[in-house]
Amino acid sequence: MANKNNPELGDWAVGVKWLKALDRELALTKPGIFANPNVVCKLRHQPTIDFLAFHYPLKKG
């Protein structure tokens, strides 16, 4: 807790609202897909967004 007031060194928690969960066996990938070792990031890589939207469509609303 030594860095709790330091935004550069402190730990952060982020809540996630999972809309859908799939079995690991259904995971897909392809060369060039965006990957990030961080726990949280904003996905802006349009080819990856298109790939995910095509293979894992979600209902809006």
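The sections below set out a description of the structure shown in this document. (Residues numbered from 1 in each chain as written. Predicted model: local features only at pLDDT ≥ 70, side-chain atom pairs only at ≥ 80, totals over all residues. Heavy atoms only, no water.)

Focus on the overall build of the protein chain
When helices and strands are tallied, the protein chain shows one helix and zero strands. Against the 2.2 N^0.38 benchmark of 10 Å for 61 residues, the protein chain shows a C-alpha radius of gyration of 16 Å, more extended than a compact globule. Per-residue burial over the protein chain gives 5% buried out of 61 residues. (Helix = DSSP H or I, 4+ residues; strand = E, 2+ residues; numbered from the N terminus. Rg over C-alpha atoms; globule rule 2.2 N^0.38 Å. Buried < 20%, exposed > 50% of the residue type's maximum accessible area, 1.4 Å probe, protein only.)

Focus: the environment of isoleucine 33
With respect to the element layout, isoleucine 33 can be found in the segment before α1 (46-55). A C-alpha to C-alpha distance of 9.7 Å links isoleucine 33 and leucine 52, two positions 19 residues apart in sequence. Discounting chain neighbours no more than four positions away, the residues touching isoleucine 33 are Thr48 and Phe51. (Contact = heavy atoms within 4.5 Å.)

So, the side chain of threonine 48
Within the secondary structure, threonine 48 sits in helix α1. On the basis of relative accessibility, which here comes to 4%, the residue threonine 48 falls in the buried class. Dropping the residues within four chain positions of it, threonine 48 is found in contact with Ile33, Phe34 and Leu43.

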